[in-house]
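# Summary of structural features
Here's the letter readout for the chains.
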Amino acid sequence: MIEEVKKFKDFLATSTLPVYDNIANTGVWKALQIRSTEQQDIMITPVVDKRSLDPEKLEEVKSSLKDFYSDKQKCSMFLKLVGGKEEVAHIDGPEFMLEKLCGYDFQITSGSFFQVNTAGAEVLYQTIRETARLDDKTILLDVCCGTGTIGIILSKYVKCVHGIEIVESAVDDAKKNAERNKIENVTFHAGNAKSVVPRVVNNIPKSPDTRIVAIVDPPRNGLHADVIACLRKNEMIAEVVYVSCDIKQISDNIVNLCCPTSNRYLGDPFRFVSSVAVDLFPHTKRFEVIFHFQR
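Every residue gets a number counted from 1 within its own chain, in the order that chain's sequence is written. Per-residue local features are limited, in this predicted model, to residues with pLDDT of at least 70; the limit for side-chain atom pairs, both in listing and counting, is 80 or more; totals at the level of whole chains, interfaces and linings are taken over all residues. Based on all heavy atoms of the structure, the side-chain values leave hydrogens and waters out of the count.

## Points about the pattern of salt bridges
Opposite charge on two side chains permits pairing when their charged atoms draw close. In what follows, salt bridge is the name for a side-chain nitrogen of Lys or Arg lying within 4 Å of a carboxyl oxygen of Asp or Glu. According to the stated counting rule, one finds 14 salt bridges in the structure shown. A salt bridge links K80 to E86, with the nearest nitrogen and oxygen atoms 3.6 Å apart. Linking R264 and D226 is a salt bridge whose minimum nitrogen-to-oxygen distance equals 2.8 Å. Within this pair, whereas R264 is found in the loop between α8 (251–258) and β12 (271–278), its partner D226 is found in helix α7 (residues 225–233), the two being separated by 38 residues in sequence. The class for R264 is partly exposed, based on a relative accessible area of 42%. Among the charged side chains, a network of salt bridges with common partners joins R133, R211 and E239. Helix and strand assignments follow DSSP, with helices taken as H or I runs no shorter than four residues and strands as E runs no shorter than two, numbered in order from the N terminus. Three exposure classes are used, based on accessible area relative to the maximum for each residue type with a 1.4 Å probe and protein chains only: buried under 20%, partly exposed in between, and exposed over 50%.

Dropping the structure here:
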C-alpha cells in the first residue's frame, strides 16, 4: 500500500491542478483512499473538490488518472467528488473487489464500509458469535448491517437473520453477498432502524420458543436515541450485542439501554453482562469493544 501512495505522489507531480489547501479552502486534490484485499487486489479512489472543475476539466482528470495507471493489473479506479453533492465515478477496472472473510466471499465497492483489518475482523466476528447466545431458534436482527458481513457470517448458527441498513447501496451489496454465498435465511431491509425494527419484529410469529437477539454495529457516533428507544420498547428482543470503535461517543446509548423505564424509554431495561475489547487497529489508540446486554 505504501507503493501505491508513492505512485499517486508521482501522479500529482504530473498534474497541473493544485493540491487542496485546507486553510484557504482552494485547490482540487484532497485525499486518497486505498483498499487492498488478501488476494492483492487494489482499489484506488482519489478525492477531489469539484467546485473549480467544469465538465471538460473533470473529464481530463479522469483520463489522466486512467492513462497514468494503465499498467496496473487487478486495479479498480474510482474518483470521489466532494464540494457539493457527493458523487463517486468509476474510471477503470472492475467495479468491485472480492474479499474472503470467515470463509465467505464479500463484494466491496468504493462506497462500502468494510473492516480494514481482515484477520482482525475474523477475530471480531468470532468473538461476537461467542458473546451472543445463538441457536437454531434465534432470530437475529443485524442493525446497521452495512454490506451484511455479520449477518451472513452468523446465519448458519441461527434460524434466520434480518439485516437493517439505511444506505440503499449497502443493502444492494448485502443482497448480492448473500446470493454469492448461497445464504437463504437472510433478509435485508433498507430504511431507518427506528421504522424497520418494529415492522420486522411485528411480523415475527410469536411463540414460547421465539427469541430475538439484536446485534448493532453503528457508525462511530453510535445509534440515534430513537433507535435505542425502539430496541427497549420491543420486548421480544431479549439480548443486545453492541459493537463500538469509540466507547466515549456511545456512552449515552449504553446508559439509555439500561436506565429505568420512563416515558422516553418504554420496556424493561437491559442489564449489562460483559464486555471484551478486540485490537483491530494495532499500534493505534483505536480498538473495538463488544458489549453484551440481556433482559
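## Details of the pairing of strand β5 (residues 97–101)
One face of the sheet, then the other: side chains in a regular strand alternate in exactly this way. Only one face of β5 is covered, namely the one carrying M97, E99 and L101; the face carrying L98 and K100 has none of its residues buried. Strands were regarded as paired on the criterion that DSSP finds at least two bridges between them. The pairing of β5 with strand β6 (residues 104–108) spans five bridges and is classified as antiparallel. Looking at the pairing, M97 lines up with I108 of β6.

## Some thoughts on the sheet that holds strand β3 (residues 75–82)
The strand order across the open sheet formed by four strands is β1-β2-β3-β4, and the pairing between neighbours is mixed. Where the open sheet ends on each side, the last strands, each with one partner, are β1 (29–36) and β4 (87–92). Sheet twist, expressed as the mean angle between neighbouring strand axes with direction ignored, is 20°. Relative to β3, strand β2 (residues 42–49) runs parallel, the two sharing six bridges. Residue pairing for β3: V47 is matched across the bridge by K80. Each of β1 and β2 touches helix α1 (residues 2–14); the most contacted strand, β1, lies at about 150° to it. Throughout, a residue-residue contact means that at least one pair of heavy atoms, one from each residue, lies within 4.5 Å. Helix axes are fitted only over the stretch in contact, all axes being lines through C-alpha atoms; the angle between N-to-C directions runs from 0 to 180 degrees. Sitting on the sheet, helix α2 (residues 55–68) touches β1, β2, β3 and β4, and the angle it makes with β3 is about 155°.

Taken by themselves, the reported measurements are silent on function.
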